[in-house]
Amino acid sequence: MMKRVLPCVIMLIYGSTLPAQPSFEEEALQYLRKYLRIDTSNPPGHTLESARFLKSILEREGIATTLYESAPGSKANLLARLSATVASDKKPLLLLHHMDVVPADPARWPLDPFGAILRDGYLWGRGAMDMKAHGITHLMTLIRLKRENVPLDRDVLLLAVADEEIGGGLGAAWMIENHFSQLDPEYVLDEGGFGLQGLLSTDKIVFAVSVAEKRLLWLKLTAQGTAGHGSQPIEDNANQILMAALDRILSRPGSVGDHPVLREMSRRIGVLPDNKFTRAIRQNTISLTTLSAGVGNPPKINVIPSVSSATLDCRLLPDESPEEFIQQTRSTINDPRIEIEVVYQSVSTESSSSETPLFRVIEATLKKHYPQAVVSPVIIPYGTDSAQFRRRGVTAYGMLPVIVTPDIIGSLHGDRERIPLEGFQRGIHIFYEIVLNFLEKEVP
Ligand SMILES: [Zn+2]
């Protein structure tokens, strides 16, 4: 009996007087694991619980927050503010991340996508890379600025939003539309870049800071032909007309663009290796994503349809004109039986200048930690919420200072999404240092 009681007594004496304080890194990891376990798959994209989770941590630290329900009871955005302690007219620095994630099919994952499991030096889970690790990095930055009473000559904001994975409608776009005066930042730090190993250079680590993104142009091609009996082939078969058109478009050689950011990348990095990522950021691209044809449900095999259609996910370099691109596509097809319809196009995307004090601080801080690495502004091939801020004239950069390989980058939206644990924890310190250097540099 005594033997069983004794450990409890010892625990009471030592456990209560000397509570084991997790280190800053452990604390961050605990928060990230809890965050990953909140399923924010979009659709349906419920973010109220995750917003409340972040809010409770911030409030415990004495940091002011406002929760905005953009779809009451389901979708929410959270804004946290550390107010300037020194009078100044500088606009805020905004740390932006989205709380929603793309869905995960548990049957295709090697482990529970919402289990936040640690294995082989990685933290696994949907959202680990895209982009809950960013969110916790931002959270820990605010917490540390607050705990260490760092003098601030501008507000530092954390904004956690809904709906990025479906275009931002009730997330970043909604906040900008309805509450921009509460944000009005000079700079936004968002997702978009990592320390890339083996992707932009064969031998150097490249810290990619995204400053621009490609423009979406979704097209639908419809071929008109003549319906008929499958027993008697005809030339005017809508499927064959469409296939011939697609063949002409997809075999058209792409031409490398001459965007200023691409020139800057070449200057800093050298010759880029050839892979799907570098091809995607250097030229306009077309992916054939859907094909549909056939008469009846299920479609009859012995009927030649009179209509056949396909959709193309086209991504244009930031300074390219969609009208010109469509015109080129039309002349490449050169067939009046094909109709081209614009299903969706994103509005023009601005680039952020890399000639800013914040970019210089990012570069200097990263170089201090990784003297051999290259830091470069980059274009990214997919869309982020940064575009919404750039459109408002805000300078937005995408970057998490964690070194990752193409395998890890490829796990985004895939069924093996994971982040290197050590890299994440080191990244928190580096990110904090970036913000601190940026702020202290300007404090009188
Ligand atoms: Zn994302």
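Residues numbered from 1 in each chain as written. Predicted model: local features only at pLDDT ≥ 70, side-chain atom pairs only at ≥ 80, totals over all residues. Heavy atoms only, no water.

Caption draft 1: Inspection of the domain arrangement of the protein chain at higher detail. In terms of domain boundaries, the protein chain breaks down into domain 1 (21-192 + 378-442) and domain 2 (216-258 + 274-345). On the domain 2 side, the residues contacting the five residues of domain 1 number six residues. Of the roughly 460 Å² buried between domain 1 and domain 2, counting both surfaces, carbon and sulfur atoms make up 76%. Together, Ile 379, Pro 381 and Tyr 382 form the three largest contributors to the area buried by domain 1 at its contact with domain 2, with a combined 84%. Where domain 1 packs against domain 2, one counts zero salt bridges. (Domains from an automatic or database assignment. Contact = heavy atoms within 4.5 Å. Buried area = accessible area lost by both parts, 1.4 Å probe. Salt bridge = Lys/Arg side-chain N within 4 Å of Asp/Glu carboxyl O.)

Caption draft 2: Structural view of the pattern of salt bridges. Inspection of every chain in the model, using the stated rule, returns 22 salt bridges. Residue Lys 75 is joined to Asp 163 by a salt bridge in which the shortest nitrogen-to-oxygen separation is 2.8 Å. With Lys 75 in strand E2 (residues 75-82) and Asp 163 in the loop between strand E6 (156-161) and helix H5 (172-183), the pair connects residues that are 88 residues apart, well separated along the chain. Here Lys 75 matches Asp 163 in class, with each residue buried. One salt bridge connects Arg 154 with Glu 186, and the closest N-O pair in it is separated by 2.8 Å. (Helix = DSSP H or I, 4+ residues; strand = E, 2+ residues; numbered from the N terminus. Buried < 20%, exposed > 50% of the residue type's maximum accessible area, 1.4 Å probe, protein only.)

Caption draft 3: The arrangement of the nonpolar core in detail. Of all hydrophobic cores here, the largest spans 89 residues; its most connected members are Ile 136 and Leu 200. With eleven residues, helix H13 (residues 421-442) is the single largest residue contributor to this core. Formed jointly, this core draws a minimum of three residues from each of two domains, domain 1 (21-192 + 378-442) and domain 2 (216-258 + 274-345). Excluding anything up to four places from it in sequence, Ile 136 contacts Ala 28, Tyr 31, Leu 32, Tyr 35, Leu 54 and Phe 424. Core analysis: the next-biggest nonpolar cluster, separate from the first, contains 18 residues, Leu 242, Ala 310, Ile 338 and Ile 340 among them. (Core = buried A, V, L, I, M, F, W, Y, C linked by side-chain atoms within 4.5 Å.)

Caption draft 4: Fine view of the coordination of the zinc ion. At this site the zinc ion is bound by His 98 (NE2), Asp 130 (OD), Glu 191 (OE) and Glu 191 (OE), with donor distances of 1.8 to 2.6 Å. Note that the zinc ion binds four donor atoms; their angles at the metal cover 54 to 148°, and the shape is irregular. Counting residues between consecutive donors of the zinc ion along the chain gives the motif H-x31-D-x60-E. Of this pair, His 98 sits in strand E3 (residues 93-98) while Asp 130 is found in helix H4 (residues 128-147), placing the two residues 32 residues apart along the sequence. (Donors = N, O, S within 2.8 Å, 3.2 Å for Na, K, Ca; no water. Tetrahedral: all angles 85-135°; square planar, octahedral: opposite > 155°, others 65-115°.)

Caption draft 5: Looking closely at the packing of helix H3 (residues 48-60) against H4. At a minimum axis distance of 10 Å, the contact between H3 and H4 shows a crossing angle of 15°. Here H4 runs roughly parallel to H3, going by the angle between their axes. In this structure, the crossing between H3 and H4 has a hand that is right-handed. Across the interface between the two elements, Leu 54, Ile 57 and Leu 58 of H3 pack against Ile 136, Leu 139, Leu 142 and Ile 143 of H4. Class assignment for the residues of the contact of H3 with H4 results in seven nonpolar, no polar and no charged. (Axes fitted to C-alpha atoms, helices over the stretch in contact; angles between N-to-C directions. Parallel < 35°, antiparallel > 145°, perpendicular 65-115°, else oblique. Left-handed = near helix turned anticlockwise from the far one by under 90°. Nonpolar A, V, L, I, M, F, W, Y, C, P; charged D, E, K, R; others polar.)

Caption draft 6: Expanded view of helix H6 (residues 238-250). Given a rise of 1.5 Å per residue, 13 residues ought to cover 18 Å, and the 18 Å separating the end C-alpha atoms of H6 matches this to within 8%. Packed against the buried residues of H6 are strand E10 (215-224), strand E12 (285-293), strand E14 (307-316), helix H9 (322-333) and strand E15 (338-345). For H6, the side-chain oxygen to backbone nitrogen distance between the N-cap and Asn 239 is 2.8 Å, and the N-cap itself is Asn 237. (Expected span 1.5 Å × (residues − 1). Polar contact = N/O pair within 3.5 Å; in protein donor to acceptor, adjacent residues only side chain to side chain.)

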